[in-house]
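# Structure assessment
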Amino acid sequence: DLLADSQLSNDAQTFSEVVELNVGGQVYVTRLETLRAVPNSLLWTKFTQSSPGELPKDGKGRFFFDRDGFLFRYILDYLRDSDLILPEYFKERRRLLKEADFYQLPELSRLLDTASKDNSSAEDSGEAEEPELSPVTSSSDRGSRSPGASAGYITVGYRGTYTIGRDIQADAKFRRVARITVCSKISLAKEVFGDTLNESRDPDRPPDRYTSRYYLKYNFLEQAFDRLAEAGFHMVACNSTGTCSYGSNDPGEDKQWTSYTEYVFSR
């Protein structure tokens, strides 16, 4: 029994090879060796010099850090690759520098500080800002940016249905989004969505024309939003309309709603 208790105690003091983190409410899953990638960094210290029982955890047992959960994705990318590639039009560089200092990553702090100084010098001299730290401008599944397509609007829309039962407090029954439509200039839509764009309803249109008939080959709104954000777009407006129909004239029957929602993005 004493040997078994000792074994359990030793296991409790050992980190697993795959670690779950809660950083400011954002959940990350990574390998232990990734967190230990930079010697003497804060994460290296936490996960080599401490035991699991000494680190704060959330209600589900994940190791908790009260920091910016969104920016931690770039910290994790740096730990994985010893390099950093930021999206174009990245506006959080100073805040990311603060996070790099907190996590005690001097080389990352140096890269961010140098880029910030170069950017400030360019602004002082009136020169156009250059993309910094090798921003991601394209990938294998995106078309090249067409002339004149650097600014504009893209409207993303979807139609959905859901049913609300007689008990209004009961959970609504949602149907998944059937299709995500894209309305914009042709060149702009192809730049952002590339091969994930279905052009079958409006093929062979010139890049300087506009369309409202394109739709995406997937039906996850967040995936569309991620691509728009990476391309430097920001949501500027949204609206939604809905209509209700009854299965019969009986007011006690379930209500079926049909809605159409649009999100307008600008760059």
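Located above this text is the structure these notes cover.
Residues numbered from 1 in each chain as written. Predicted model: local features only at pLDDT ≥ 70, side-chain atom pairs only at ≥ 80, totals over all residues. Heavy atoms only, no water.

### Concerning the environment of Gly25
- By the secondary structure assignment, Gly25 is in the loop between strand 1 (18–23) and strand 2 (26–31).
- With relative accessibility at 51%, the residue Gly25 sits in the exposed group.
- In this structure the C-alpha to C-alpha distance between Gly25 and Gly69, which are 44 residues apart in sequence, comes to 6.3 Å. (Helix = DSSP H or I, 4+ residues; strand = E, 2+ residues; numbered from the N terminus. Buried < 20%, exposed > 50% of the residue type's maximum accessible area, 1.4 Å probe, protein only.)

### Section: the pairing of strand 1
- Relative to strand 2, strand 1 runs antiparallel, the two being bridged by 6 bridges. Looking at strand 2, one finds that Val18 is bridged to Arg31.
- Here strand 1 folds back onto strand 2 in antiparallel fashion, the turn holding 2 residues, of which Gly24 has a positive phi close to 55°.
- Bridge analysis of strand 1 against strand 3 (residues 63–65) gives 3 bridges, and the strand direction is parallel. By the bridge assignment, Val23 is partnered in strand 3 with Phe65. (Pairing = 2+ DSSP bridges.)

### Examining the pattern of salt bridges
- The full count for this structure, using the stated rule, is 10 salt bridges.
- Here Asp68 ties to Arg95 by a salt bridge, and the two come within 2.6 Å at their closest N and O atoms. Of this pair, Asp68 sits in the loop between strand 3 and helix 4 (72–81) while Arg95 sits in helix 5 (residues 93–102); the two residues are 27 residues apart in sequence, bridging distant segments of the chain.
- Its relative accessible area of 46% is what places Arg95 among the partly exposed residues.
- Its salt-bridge partner being Glu199, residue Lys190 comes within 3.5 Å of it at the nearest N-O pair.
- Judged by relative accessible area, Lys190 falls into the partly exposed class, the value being 31%.
- Owing to a relative accessible area of 27%, Glu199 belongs among the partly exposed residues under this scheme. (Salt bridge = Lys/Arg side-chain N within 4 Å of Asp/Glu carboxyl O.)

Keep in mind that these numbers describe shape and distance, not what the molecule does.
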